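Examining the three-dimensional arrangement
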Amino acid sequence: MHRSGAAMAWNVFKFCTALRGLGSIMILLVLGVVGVTYYAVVLTNYGPALYDGGLDSVTAVAVLILFHCLLVMLLWSYFSVVLTDAGSVPPNWRPALDEERGEADPLNASEFSGAQSDPLNPRIRYCRKCNQLKPPRCHHCSVCGRCILKMDHHCVWVVNCVGALNYKYFLLFLLYTFLETSLVTLSLLPHFISFFSEGEIPGTPGTLATTFLAFVLNLAFALSVLGFLIMHISLVSANTTTIEVL
Ligand SMILES: [Zn+2]
Ligand SMILES: [Zn+2]
């Protein structure tokens, strides 16, 4: 076990250095989009609108409260997916069938070949990379370099596998991202339209560019996350995963 473990760790290290590097960049990218959006919504447009008086102030208060609540939930669910282990196979996991038989022999290849061809339990599979049996619905992730329980997919946005233990956070992350980006798109829409109207637009070139960028980014995220959200809700209702569908 120790010998193969060391060899596997080295292979994974070589194979995944590039993807790991991409991983930290993805987290910075997400935080960058959040920063640009915060600057456009809070500091440039709706923060100053608080002092306009009348209906504008009421709208600004409502948008700012909703924006901050959704942002807290979005960041919480995001870092929950990033930091929660997707679910690894418990050490020395054996199928229930073996426990009933009372077999206590250490795992080896001959036992594997016997188990795989076992007509009583055809679903038992063996992972040659991890050198262990695979529980049902478990898949090997080549990026993480280990088997993941009920693996859905390896998500580059969260630099983690999405599996049995963090799938709930992943769904919440999709939901809050959709709500937040929709709110931002709708609240920046009047400012975006005013770019194409005639007459003087208030603001410096910098703030105008940030508002434009934030609108386009949030619209793009809202549309693509909506697609993922619908897909994953239908996957959950059918009790299946992205891998199993593919
Ligand atoms: Zn594996
Ligand atoms: Zn993975």
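Reading the values: the criteria
- Residues numbered from 1 in each chain as written.
- Chains lettered and ligands numbered in written order.
- Predicted model: local features only at pLDDT ≥ 70, side-chain atom pairs only at ≥ 80, totals over all residues.
- Heavy atoms only, no water.
- UniProt positions renumbered as here; feature names shortened; annotations may be inferred.
- Helix = DSSP H or I, 4+ residues; strand = E, 2+ residues; numbered from the N terminus.
- Buried < 20%, exposed > 50% of the residue type's maximum accessible area, 1.4 Å probe, protein only.
- Donors = N, O, S within 2.8 Å, 3.2 Å for Na, K, Ca; no water.
- Tetrahedral: all angles 85-135°; square planar, octahedral: opposite > 155°, others 65-115°.
- Core = buried A, V, L, I, M, F, W, Y, C linked by side-chain atoms within 4.5 Å.
- Contact = heavy atoms within 4.5 Å.

With an unreviewed UniProt entry as reference, the protein is termed S-acyltransferase, source organism Citrus sinensis. The protein has a UniProt comment under Catalytic activity (unreviewed entry) that states "L-cysteinyl-[protein] + hexadecanoyl-CoA = S-hexadecanoyl-L-cysteinyl-[protein] + CoA". Of the comments in the UniProt record for the protein, the one headed Subcellular location (unreviewed entry) reads "Endomembrane system".

Mapped onto the fold, Ser234 is located in helix H6 (residues 205–237). Since its relative accessible area comes to 41%, Ser234 is described here as partly exposed.

Moving on, we get to the coordination of the zinc ion (ligand 1). Looking at the metal site, the zinc ion (ligand 1) is ligated by Cys127 (SG), Cys130 (SG), His140 (ND1) and Cys147 (SG), spaced 1.9 to 2.3 Å from it. The site at the zinc ion (ligand 1) holds 4 donor atoms, and with the angles between them running 102 to 128°, its shape is tetrahedral. All donors of the zinc ion (ligand 1) come from a single chain, and their spacing in sequence reads C-x2-C-x9-H-x6-C. Each member of the pair, Cys127 as well as Cys130, carries the same accessibility label: buried.

Let us look at unusual backbone geometry. Located in the positive-phi region is Asn131, a residue other than glycine, with phi close to 60°. Counting through the fold element by element, Asn131 comes out in the loop between strand E1 (125–127) and strand E2 (132–134). For Asn131, a relative accessible area of 27% corresponds to the partly exposed category. For Val159, which is not glycine, the phi dihedral falls at a positive 55°. Structurally, Val159 is set in the loop between strand E5 (153–155) and strand E6 (160–162). Note on Val159: relative accessible area 31%, which makes it partly exposed.

Per the UniProt record, "transmembrane region" (unreviewed entry) is found at residues 21–41, 61–84, 169–189 and 209–230. A distance of 30 Å separates the end C-alpha atoms of residues 169–189, which is 100% helix and 0% strand. In the segment residues 209–230, helix accounts for 100% and strand for 0%; the C-alpha atoms at its two ends are 32 Å apart.

Val41, Phe67, Val158, Val162, Phe170 and Leu188 are the most contacted members of the largest nonpolar core, which totals 33 residues. Sorting the residues of this core by element identifies helix H1 (2–49), helix H2 (54–83), helix H5 (167–194) and H6 as the ones contributing at least two each. The leading source of residues in this core is H2, at 10 residues. Residue contacts for Val162: discarding those within four places in its chain leaves Val81, Ala86, Lys150, Met151, Asp152, His153, Cys155, Tyr167 and Phe170. Counting residues in hydrophobic clusters, the runner-up holds 7 residues, among them Ala86, Val143, Cys144 and Cys161.

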